[in-house]
Amino acid sequence: MSHAHPAASTSALTRAADDGRLGEFVAASSPARAELDAAARRYTRPLQVQVRGRPGTGRDTLARALRERLSITAIGPGEGDDGQVDADLWVYLLTGPPRRADHQNLATLPTDRTIVVLGKADIHGDPAVADRLAARCADQILTPVYPVSPLLACVDLRDDEFDFLRRLVAAGEEMPSMAAQFPTATLAGRPTPAGAAPFLGDERALRAGLLRRVDQHGLERALDLIADHDPAGAAVDALNDELRAMGRMTSLLDPVRQRIASVRHWRALELRAQVARIAARGHDRDTLEYLLAGEAVPA
Ligand SMILES: Nc1nc2c(ncn2[C@@H]2O[C@H](COP(=O)(O)OP(=O)(O)OP(=O)(O)O)[C@@H](O)[C@H]2O)c(=O)[nH]1
Ligand SMILES: [Mg+2]
């Protein structure tokens, strides 16, 4: 759903702010100068996204994935000042069919600037299962729902972890169906990759860290990828890239783009309100009112 707001996007005021000339409509010595510059900076600042959802749904991880994979300024629940975040766009996180609290939370967000995602999509294993669940969620809230796995999108395996995963593949170890058994399993006495020295690291700590940072299904996929690819000579970067792509964060780029016109519209309204406030204080009032009226400012 995209909205065009041509009037707001082409006004003299927003053009001046976009061109960095808003402050120049008043003298450098005017008390209004700094306030106009600040209003223009606010109008042109990068997109601000706030992640919302019920506790434990993976909000902080999603905010991180938005920052790391899409270079979007995103704020999770623990990161705003007392929740006083002024966002342009909200990303709402579901992890299953919407519950009452989700419907209530969604009702407080602006529909034209909210994107709903199904997080932790990896826990369903087959992506088609997550897709079907997302479609069911979409039917219930009457808006598209995009399946993503922010944890996979943030995967950052180290060389020693990659080496360890290759050893697991060589040893024929698979993820146990009870993930809690993974940290206590051991490579001791199992075959090692051809030509490799015996494993000498802290196996328990390595396993626990992998399970926490990649989770069961991510580890399953990592082992499958290594087994399929013949990893000899492959770098950890390639594996990280493949796992991150499975996080599907780039599927959010289009929905974000589709909402940019709405974001600009709301920012333009805010800019007008701020300039009106500055004008009301009296300095350069005539000039600012010409600008607000969208008329040429007399020389
Ligand atoms: N499998 C999987 N687990 C995830 C994913 N995203 C987050 N998690 C896990 O979910 C748990 C909560 O993640 P957070 O990002 O802290 O979620 P939150 O909503 O900020 O949680 P609280 O701050 O505790 O309310 C952590 O154990 C994450 O590792 C994901 O995409 N896949
Ligand atoms: Mg959190």
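Bear in mind the structure is a predicted one, so any value in this text is a computation, not a measurement.

A. Structural context of the site of ligand 1. In the region of ligand 1, 14 residues are neighbours, and R59, D60, T61, D122 and D215 sit closest. K120 is positioned such that a nitrogen or oxygen atom in its side chain is 2.9 Å from an oxygen atom of ligand 1. The side chain of D215 places a nitrogen or oxygen atom 2.6 Å from a nitrogen atom of ligand 1. Calculation on ligand 1 without its partners gives an accessible area of 650 Å², and the protein chains cover 70% of this total. Among the secondary structure elements, those contributing two or more residues to the shell around ligand 1 are α4 (59-70) and α7 (150-153).

B. Local environment of unusual backbone geometry. Of note, the phi angle at S71 is positive, near 55 degrees, even though the residue is not glycine. Of note, S71 is situated in the loop between α4 and β2 (73-75). Overall, the relative accessible area of 67% leaves S71 in the exposed class. Backbone geometry places R248, a non-glycine residue, at a positive phi of 60 degrees. Inspection of the secondary structure assignment puts R248 in the loop between α10 (236-246) and α11 (253-258).

C. Inspection of the environment of L165 at higher detail. Inspection of the secondary structure puts L165 in helix α8 (residues 159-170). Relative accessible area serves as the criterion here: at 1%, L165 is assigned to the buried category. Residues L165 and G189 lie 24 residues apart in sequence; the distance between their C-alpha atoms is 16 Å. Among residues more than four places away in sequence, those in contact with L165 are L157, L210, L219, A222, L223, I226 and L239.

D. Molecular detail of the pattern of salt bridges. Under the defined criterion, the tally for this structure stands at 21 salt bridges. With its nearest N and O atoms 3.6 Å apart, the salt bridge here joins D86 to R45. Highlighted residues: D86 in the loop between β2 and β3 (89-94) and R45 in the loop between α3 (32-44) and β1 (48-53), separated in sequence by 41 residues. For D86, a relative accessible area of 36% gives the class partly exposed. Put simply, E161 and R158 hold a salt bridge, and the shortest N to O gap is 3.5 Å. A relative accessible area of 1% places E161 in the buried class. It is possible to trace a salt-bridge network through shared partners that takes in R42, R45, D86 and E270.

E. Main features of the pairing of β1. Most of β1 sits out of view: five of its six residues are buried. As paired strands, β1 and β2 are joined by three bridges and run parallel to one another. What sits directly across from Q50, in β2, is I75. What joins β1 to β2 is α4, and the crossover it makes is right-handed.

Conventions adopted
- Residues numbered from 1 in each chain as written.
- Chains lettered and ligands numbered in written order.
- Predicted model: local features only at pLDDT ≥ 70, side-chain atom pairs only at ≥ 80, totals over all residues.
- Heavy atoms only, no water.
- Near = heavy atom within 4 Å.
- Polar contact = N/O pair within 3.5 Å; in protein donor to acceptor, adjacent residues only side chain to side chain.
- Areas by Shrake-Rupley, 256 points an atom, 1.4 Å probe, with all protein chains shown as cover.
- Helix = DSSP H or I, 4+ residues; strand = E, 2+ residues; numbered from the N terminus.
- Buried < 20%, exposed > 50% of the residue type's maximum accessible area, 1.4 Å probe, protein only.
- Contact = heavy atoms within 4.5 Å.
- Salt bridge = Lys/Arg side-chain N within 4 Å of Asp/Glu carboxyl O.
- Pairing = 2+ DSSP bridges.
- Right-handed = clockwise from strand over helix to strand, strands pointing away.

Shape is all these values report; function is a separate question.
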